[in-house]
Amino acid sequence: MRFKVSVIGAGFVGSTTAQRIYEKGYADVVLVDIVEDKPQGLALDMMESGPVLGTDATIVGSNGYEETVDSDVVVITAGLPRKPGMSRDDLLLTNMKIVGSVSEQVAKHSPNAVLVIVSNPLDAMVQHAKVVSGFPKERVVGMAGILDTARFRSFLAMELNASVTNVQAYVLGGHGDSMVPLIGTTTVGGVPVADLIEKDRLEEIVQRTRDGGAEIVKLLKTGSAYYAPSAAAAQMVEAILLDRKEILPCAAFLEGEYGINGLYAGVPVKLGAKGVEQVIEIELTESEKAALLKSAESVQELVNVMAASS
Ligand code: APR
């Protein structure tokens, strides 16, 4: 029997995530959206690529949740993307309503699923999904760190004319302006990055990483990034389905780790069949620790706004 994965929201991020998972062939996929016929049309188109790609998995579209029953993993991408000039935080209350109603349906139809949240502002949305679903912290995780780290790794590889596979890095903290790229642990082919790129240039690359999402929004004009976000979401789904115990930076619910309590933040976690199987605590410098706490404060502010609105 194949695994079952549902992707809620058949926009750019959702449809590309569904496509990536479907093409792997190990999971049947259900794509859900409120727009009539849209998920059905996209799913049919993807299904018709199966004979060419050699995948026997199935993919169906739906406007409801019946088809999603007993999914192993549910990826939530429903919600508005930002437009030029907007921050992810500007989406807070609109996407809170959407993610809340989706999480309620998902919890009802797939009570044992692992939820992977992608909608922005990410850290606040994953916190809200945990509250509404009532799922344990292991089974509600957010996608941000892999994406931010992939952007950082891409820029470093471009700068050094090196293979992206040789760039090891972590970007921790919230998925926003206060994200924390770790310099001390970043290496290229095993060599510390600070030995390869001078400080000011490295700071420019860090800033480009922080602005990575906005850079794409500015170019696209009508929406936000989706190729890299969907690749990151699909990597998380695979780590969970295949019980890979892969250590990846994700938004996880912290209870004292890194000095943060009762809040989601981007940290390295071990992802496996149970979801977040372990939060990995790596040694941070004093300034990295302070930056991570500051980033958590910005997430807390959003959580407070959500609490005041409900
Ligand atoms: N249930 C299901 N789908 C919904 C709901 C809902 N309640 N509300 C909205 N949607 C759908 C929309 O109909 C649309 O098809 O969510 C989809 C969002 O798609 P896009 O507008 O293309 O946005 P996208 O680029 O995919 O981004 C989605 O992911 O990365 C984040 O910031 C991004 O919050 C945004 C989300």
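No experiment lies behind these values; they were computed from the predicted model shown.

A. How the structure looks around the packing of aromatic side chains. The tally for this structure, following the rule as stated, stands at three aromatic pairs. Feature note: the residues Phe12, Tyr226 and Tyr227 constitute an aromatic cluster, connected by ring pairs. It is arginine 139 that lies over the ring of phenylalanine 135; its NZ or CZ is 4.4 Å from the centre.

B. Region of interest: the site of the ligand. In the neighbourhood of the ligand, 20 residues make up the surrounding shell, with Val13, Asp33, Lys38, Leu80 and Asn120 lying closest. Interatomic distance of 3.0 Å between a backbone N/O atom of phenylalanine 12 and an oxygen atom of the ligand. Within the complex, 87% of the 730 Å² of free accessible area of the ligand lies under protein. Listed by contribution, the elements that provide at least two residues to the shell around the ligand are α1 (12–24) and α4 (92–109). Among the elements that take part in the shell around the ligand, α4 stands out by supplying three residues, more than any other. Of the residues contributing to the shell around the ligand, the split by class is eleven nonpolar, seven polar and two charged.

C. View of the side chain of arginine 88. Assignment of secondary structure puts arginine 88 in the loop between β4 (73–76) and α4. Excluding residues that lie within four positions of it along the chain, arginine 88 makes contacts with Arg82, Asn120, Pro121, Arg151, His175, Gly176 and Gly213.

D. Spotlight on the domain arrangement of the protein chain. Here the protein chain is described as being made up of domain 1 (3–142) and domain 2 (145–309). For domain 1 versus domain 2, the separation of C-alpha centres amounts to 21 Å. The partner domain 2 presents 45 residues to the 42 residues of domain 1 that form the contact. Both faces combined, the contact of domain 1 with domain 2 buries some 3600 Å², and carbon together with sulfur accounts for 69% of it. Note that lysine 24 is salt-bridged to glutamate 238, the shortest N-O span being 3.6 Å. At the junction of domain 1 with domain 2, the criterion picks out twelve residue pairs in polar contact (both at pLDDT 80 or more). Those elements that provide at least two residues to the side of domain 1 that touches domain 2 are β1 (3–8), α1, β4, α4, β5 (114–117), α5 (122–133) and β6 (140–142). When residues of the side of domain 1 that touches domain 2 are assigned to their parent elements, the largest contribution, eight residues, is made by α5. A breakdown of the residues in the side of domain 1 that touches domain 2 according to their chemical character gives 24 nonpolar, six polar and twelve charged.

About the cut-offs
- Residues numbered from 1 in each chain as written.
- Predicted model: local features only at pLDDT ≥ 70, side-chain atom pairs only at ≥ 80, totals over all residues.
- Heavy atoms only, no water.
- Phe/Tyr/Trp six-rings, centres within 6.5 Å; stacked < 30°, edge-to-face > 60°.
- Lys NZ or Arg CZ within 6 Å of the ring centre and 35° of its normal.
- Near = heavy atom within 4 Å.
- Polar contact = N/O pair within 3.5 Å; in protein donor to acceptor, adjacent residues only side chain to side chain.
- Areas by Shrake-Rupley, 256 points an atom, 1.4 Å probe, with all protein chains shown as cover.
- Helix = DSSP H or I, 4+ residues; strand = E, 2+ residues; numbered from the N terminus.
- Nonpolar A, V, L, I, M, F, W, Y, C, P; charged D, E, K, R; others polar.
- Contact = heavy atoms within 4.5 Å.
- Domains from an automatic or database assignment.
- Buried area = accessible area lost by both parts, 1.4 Å probe.
- Salt bridge = Lys/Arg side-chain N within 4 Å of Asp/Glu carboxyl O.

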